[in-house]
Structures are given as C-alpha cells and as structure tokens.
Amino acid sequence: MPITLPDLPYAQGALAPHISAQTLEFHHGKHHKAYVDKTNELIKGGKLDNAPLEEIVRAAEGEKNQALFNNSAQAWNHSFYWKCMKPGGGGAPTGDVARAIEKNFDGYDAFKAAFADAGATQFGSGWAWLVARKGKLEVRKTPNAQVPWTEKGVTPLLIMDVWEHAYYLDYQNRRPAYISSFLDNLVNWDFVNENLAKA
Ligand code: MN
C-alpha cells in the first residue's frame, strides 16, 4: 500500500487566526502532499514498497539515501505536526506531561523559553522537538527533514515546524511571533500525553 496523505485532524480554517486556512491549504495540500507523492515515487517497485513510513525513514537514513530520507521524513514530520495542534490548544500543559515538564525543566515557563529558543535559533529550515529519552524530557532542534527518533531510546512527544512555509503567509519574517502563537494557542497537550505514555 502506498503512503497516504492523512486528512488534517481539524477543518482547514480551525486554527485561525494563529495559522490561517490559506497556510494550511498550501502547507498540507501542497507541501505535505508533495513529500508523500515523492516518497511513493521513490519506493515504487523496490524493497520498501508497502513498508510502513517509519521503516522507510529508518532504512533511508541507514542507507544514506538522501532523497528518500528527505521526502519520507518530511512526510512523517508533517503527519505528526498536524496532530500536535488543535483549535483552542496551547498554554500550560496538563496531565503527566505537566508533571514531567515541572520536573525536567524547572517549570513550564523555563520549558517554553527553551522550546521557543530551539525554534528561533534553528538556522534556516527545520524543526523544534520535545522528546523523551531515558526517562527524561529534552528539547531538541533539527535541520531540514532530520528527526531525533531514529536515535535509540528517543520518543518524540511534540514537534513544531519552523520552515518558512509554516508561517510566512501569516507572520512573514516574524518566526518568534509564530512560535509564541504555537505555544500559547495551538499545542495539543492531549496528543503529547498520548506520546509520553508510549515512552
Ligand atoms: Mn512544513
């Protein structure tokens, strides 16, 4: 079965005004779709045809197949990113992740500052992450399509896209304003808690 473009878990206009329908139309309908289509084109007829997306990403990284890695990892990253947001989200975390953030970062404000800094200082395109590793939470940043979860023992909890296509239509060059909106108004802590439960 080919890799599929998942539907957004909310309506295209549901994250406005923080992320507009127009941004989601292009980001999901054009950018994400292109990564999915290109991945399918690259695996067609090969040994990774029918493989789950996660396995394709790991194999491409292992074999240093850069084109396949870039497209499949971006397909994975975007599928995960949509689920990390919800209308009316953001603000202080809830549940187990609230307690874990309290313990690992000296409180939500310190976590927020570290996560925002990771996003703002990722030079060029890339991603900011909250991950669990060996029972602890860590903030990471990765360039381009790169993922931290192919590293042994790393479970991704939260991801934020800082490629310009994620925010330019709504915020132009003001990446920090997009990051603040993401943290204050969009983060889906329920999904982060689901991920933490698997770590
Ligand atoms: Mn993107």
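Residues numbered from 1 in each chain as written. Predicted model: local features only at pLDDT ≥ 70, side-chain atom pairs only at ≥ 80, totals over all residues. Heavy atoms only, no water.

The manganese ion binds to the protein through His27 (NE2), His78 (NE2), Asp161 (OD) and His165 (NE2), with metal-donor distances spanning 2.0 to 2.1 Å. All donors of the manganese ion belong to a single chain; written as a sequence motif, their spacing is H-x50-H-x82-D-x3-H. Within this pair, whereas His27 is found in helix α1 (residues 21-43), its partner His78 is found in helix α3 (residues 66-83), the two being separated by 51 residues in sequence. A single burial state applies to His27 and to His78, both of which are buried. (Donors = N, O, S within 2.8 Å, 3.2 Å for Na, K, Ca; no water. Helix = DSSP H or I, 4+ residues; strand = E, 2+ residues; numbered from the N terminus. Buried < 20%, exposed > 50% of the residue type's maximum accessible area, 1.4 Å probe, protein only.)

A word on the domain arrangement of the protein chain. Domain annotation of the protein chain identifies domain 1 (21-83) and domain 2 (95-198). Inter-centroid distance (C-alpha atoms) of domain 1 to domain 2 is 20 Å. At the interface, 20 residues of domain 1 touch 24 residues of domain 2. For the pair domain 1 and domain 2, the summed buried surface comes to about 1900 Å²; carbon and sulfur atoms form 66% of the total. Counting the surface domain 1 buries against domain 2, the share from its top three residues, Thr23, Phe80 and Tyr81, is 32%. Connecting domain 1 to domain 2 are zero salt bridges. At the junction of domain 1 with domain 2, the criterion picks out ten residue pairs in polar contact (both at pLDDT 80 or more). When residues of the side of domain 1 that touches domain 2 are traced back to their parent elements, those giving at least two are α1, α2 (53-62) and α3. Class assignment for the residues of the side of domain 1 that touches domain 2 results in eight nonpolar, eight polar and four charged. (Domains from an automatic or database assignment. Contact = heavy atoms within 4.5 Å. Buried area = accessible area lost by both parts, 1.4 Å probe. Salt bridge = Lys/Arg side-chain N within 4 Å of Asp/Glu carboxyl O. Polar contact = N/O pair within 3.5 Å; in protein donor to acceptor, adjacent residues only side chain to side chain. Nonpolar A, V, L, I, M, F, W, Y, C, P; charged D, E, K, R; others polar.)

What follows is about the packing of aromatic side chains. Inspection of every chain in the model, using the stated rule, returns 15 aromatic pairs. Aromatic pair Phe111 and Trp189: ring centres 6.1 Å apart, planes at 65°, arrangement edge-to-face. Note that Phe111 is positioned in helix α5 (residues 108-121) and Trp189 in helix α8 (residues 189-198), a separation of 78 residues in sequence. Each member of the pair Phe111 and Trp189 is classed as buried. Counting every residue linked through ring pairs, the aromatic cluster contains Tyr81, Trp82, Phe105, Tyr108, Phe111, Phe115, Trp127, Phe182 and Trp189. (Phe/Tyr/Trp six-rings, centres within 6.5 Å; stacked < 30°, edge-to-face > 60°.)

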